[in-house]
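Spelled out, the chains give:
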Amino acid sequence: MRSHVKKVVVILAMICALFPGRSFADEVIKTSKQFEFREVSVDKKTLPEKMVRFQFDSGYSFQYPDAVRGIYVTGHSFGGGRFDQLVGLMDNTELNAMVVDIKDDRGHLTYMPEPNSPNYSIGQPYIKNINDKLKILEKHEIYPIARVVVFKDSVWSKNRPDLSFTEDDQVWKNGRGESFVNPFLKEVWDHNVNIAIEAAKLGFQEIQFDYVRFPEGFEKRDQVLDYGMGEYKDLPLENVQKRVQAVTDFVQYAKEKLEPYQVKVSVDIFGYTATLPEAPGIGQNFTKISEHVDVISSMIYPSHWTSYFGISKPDLEPYRLVSEYAKVEKEKLSQLSNPPLSRPWIQDFTASYLGAGNYRKYGKAEIEAQIKALNENGVNEFLLWNAGNSYTSNVDYTPLN
């Protein structure tokens, strides 16, 4: 009998090394009862202070840069002919990171996983040789970040209407024809976290979650649309707070699940959320999300603001807009005991859709103005957004150096 107990103890030691949240002693006692072993006695004081924890090794040796200065890269660009051009941009400038679509705005994976993967049906062959691409990034010392679009997911909404929002038995779409899956549901969380884990296994050093929110204007639709609320249904909270709780809980859950894979976790968030206690419709609370991530990436494109900070036409004043935002964010983050790193998204595109007199053509001066405003406020990291991945040339990305 005692020899069987010893075998169980050895096995449990291995299990506890993988699942450090559980006490070794408790597992021994639990399992001894299950097998009706009554002679087990464990002195917790004699156990090692730290059990060996599972740590995943992707096989790559990426180093975190002095400060991340990155660009957005679609799956098409990463897997296609533009890849070499973008690597050249990294080699010839102070840029040093790529944020690569792994799960895109439609809900597709941008590469084909293994045929036995539960996500095989949503894969697209945009990136046919993803391992080779990551080896090139490693060689050129380019920090790889996997972008995972979470709750905006037209593909899965169509396949699983029960995980989405419906109206008259049809999946609800916004004005742009996009659908969202439901942040209240744990199955939705796990779907996206598992995709993030696979990205970590591929070798990406950071997971950036985007669209971590309910649809815009959801507060005007929450009483009209049909959707489940899972475990949040009976919480003694108003609907606004239920949404905030669900979004925050997802971020915390994802961070915990990704810890064994030694990756950083970042979240994209609307810039205006830092100026409010919380965004009531979409469920984003800047402070609460920031408490559970390594990096917070506010989207502060001047073109996306209205008359904030006393600036009537923000797109015309990139330096002033970014400077005013950075001051607000700095104050907000200073209130946290363990604040994340700030790495905002800035604008490298021209917002001509704003109409004559409301926009300016963005180029070298406008990009450098945004970076200068961040640097002067102690923010040394940033990400450039251009949907077509066509980035301005001859920019000084370290204007204060």
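Look up: the structure comes first, before these words.
The structure presented is a predicted model; accordingly, all values stated were derived computationally and were not measured.

A. Summary view of the overall build of the protein. From N to C terminus, the protein includes eleven helices and eleven strands. Scored against the burial criterion, the 401 residues of the protein give a buried share of 52%. Sequence separation of 24 or more characterises 75% of the internal contacts of the protein that already satisfy a separation of 6 or more. Entry remark: accessible area of the protein is about 19,400 Å², with carbon and sulfur atoms responsible for 49%.

B. The packing of helix α10 (residues 318-334) against helix α11 (residues 364-376), seen in detail. Remark: α10 packs on α11, axes separated minimally by 8 Å, with the N-to-C direction vectors making an angle of 25 degrees. Taken together, the axes of α10 and α11 are roughly parallel relative to one another. Pair α10 / α11 crosses with right-handed handedness. Two secondary-structure elements touch here, α10 through P318, Y319, V322, S323 and A326 and α11 through E366, A369, Q370, K372, A373, L374 and E376.

C. Spatial organisation of the pattern of salt bridges. One pass over the full model with this rule turns up 24 salt bridges. The partner of R160 in a salt bridge is D162, with the nearest N and O atoms 2.8 Å apart. R160 sits in the partly exposed class, given a relative accessible area of 26%. Given the relative accessible area of 48%, D162 is considered partly exposed. In this structure, E368 engages K364 in a salt bridge whose closest nitrogen and oxygen atoms are separated by 2.6 Å. You can see E368 and its partner K364 sitting in helix α11, four residues apart, about one turn around the helix.

D. Representation of the nonpolar core within the structure. By size, the foremost hydrophobic cluster in this structure holds 109 residues, and its most contacted members are I71, M98, F209 and F250. It is helix α7 (residues 186-202) that contributes the most residues to this core, nine residues altogether. In this structure F209 touches V148, V150, N192, A196, F250, A254, L258, V265, S266, V267 and D268, once residues within four positions along its chain are discounted.

E. Local environment of the packing of aromatic side chains. Enumeration over the complete set of coordinates arrives at 25 aromatic pairs. Here the aromatic rings of F165 and Y227 are separated by 5.3 Å at their centres, their planes lie at 70 degrees, and the arrangement is edge-to-face. Highlighted residues: F165 in the loop between α6 (154-159) and β4 (166-167) and Y227 in the loop between β6 (206-210) and α8 (239-258), separated in sequence by 62 residues. Seen in terms of ring centroids, F214 and F218 are 5.1 Å apart; in terms of plane orientation they differ by 45 degrees. Their pairing is tilted. Here F214 matches F218 in class, with each residue buried. Through a chain of ring-to-ring contacts, three or more aromatic side chains come together here, namely F165, F184, F214, F218, Y227 and Y232. Directly above the ring of Y64 sits K264, whose terminal nitrogen or CZ lies 5.3 Å from the centroid.

F. Quick peek at unusual backbone geometry. The phi dihedral of Y211 falls on the positive side, at around 50 degrees, and the residue is not glycine. With respect to the helices and strands, the residue Y211 is situated in the loop between β6 and α8. Y211 sits in the buried class, given a relative accessible area of 17%. Non-glycine residue F309 carries a positive phi angle of around 55 degrees. When you line up the elements, F309 lands in the loop between β8 (295-299) and α10.

G. Highlighting the side chain of S77. Its place among the elements puts S77 in helix α3 (residues 75-79). At 2.7 Å, the side chain of S77 forms a polar contact with the side chain of N389. Sequence-distant contacts of S77, that is, excluding residues within four places in its chain, are made with R82, F83, L86 and N389.

H. Expanded view of the environment of S290. Assignment of secondary structure puts S290 in helix α9 (residues 286-290). As for S290 and L341, which are separated by 51 residues in sequence, their C-alpha atoms are 9.1 Å apart. Sequence-distant contacts of S290, that is, excluding residues within four places in its chain, are made with I296, L333, L336 and P340.

I. Representation of helix α5 (residues 130-139). I130, K133, L134 and L137 are the residues of α5 that are buried. With its buried residues spanning 100 degrees around the axis, α5 presents them on a single face. Buried residues along α5 sit in contact with α3, α4 (82-92), β2 (97-103), β3 (143-149) and α7. Residue E141 follows α5 closely and has a positive phi angle near 55 degrees.

J. Spatial organisation of the environment of L276. Inspection of the secondary structure puts L276 in the loop between β7 (264-270) and α9. For the pair formed by L276 and T287, sequence separation is eleven residues and the distance between their alpha carbons is 9.9 Å.

The rules behind the values
- Residues numbered from 1 in each chain as written.
- Predicted model: local features only at pLDDT ≥ 70, side-chain atom pairs only at ≥ 80, totals over all residues.
- Heavy atoms only, no water.
- Helix = DSSP H or I, 4+ residues; strand = E, 2+ residues; numbered from the N terminus.
- Buried < 20%, exposed > 50% of the residue type's maximum accessible area, 1.4 Å probe, protein only.
- Contact = heavy atoms within 4.5 Å.
- Areas by Shrake-Rupley, 256 points an atom, 1.4 Å probe, with all protein chains shown as cover.
- Axes fitted to C-alpha atoms, helices over the stretch in contact; angles between N-to-C directions.
- Parallel < 35°, antiparallel > 145°, perpendicular 65-115°, else oblique.
- Left-handed = near helix turned anticlockwise from the far one by under 90°.
- Salt bridge = Lys/Arg side-chain N within 4 Å of Asp/Glu carboxyl O.
- Core = buried A, V, L, I, M, F, W, Y, C linked by side-chain atoms within 4.5 Å.
- Phe/Tyr/Trp six-rings, centres within 6.5 Å; stacked < 30°, edge-to-face > 60°.
- Lys NZ or Arg CZ within 6 Å of the ring centre and 35° of its normal.
- Polar contact = N/O pair within 3.5 Å; in protein donor to acceptor, adjacent residues only side chain to side chain.
- Arc of directions from axis to C-beta.

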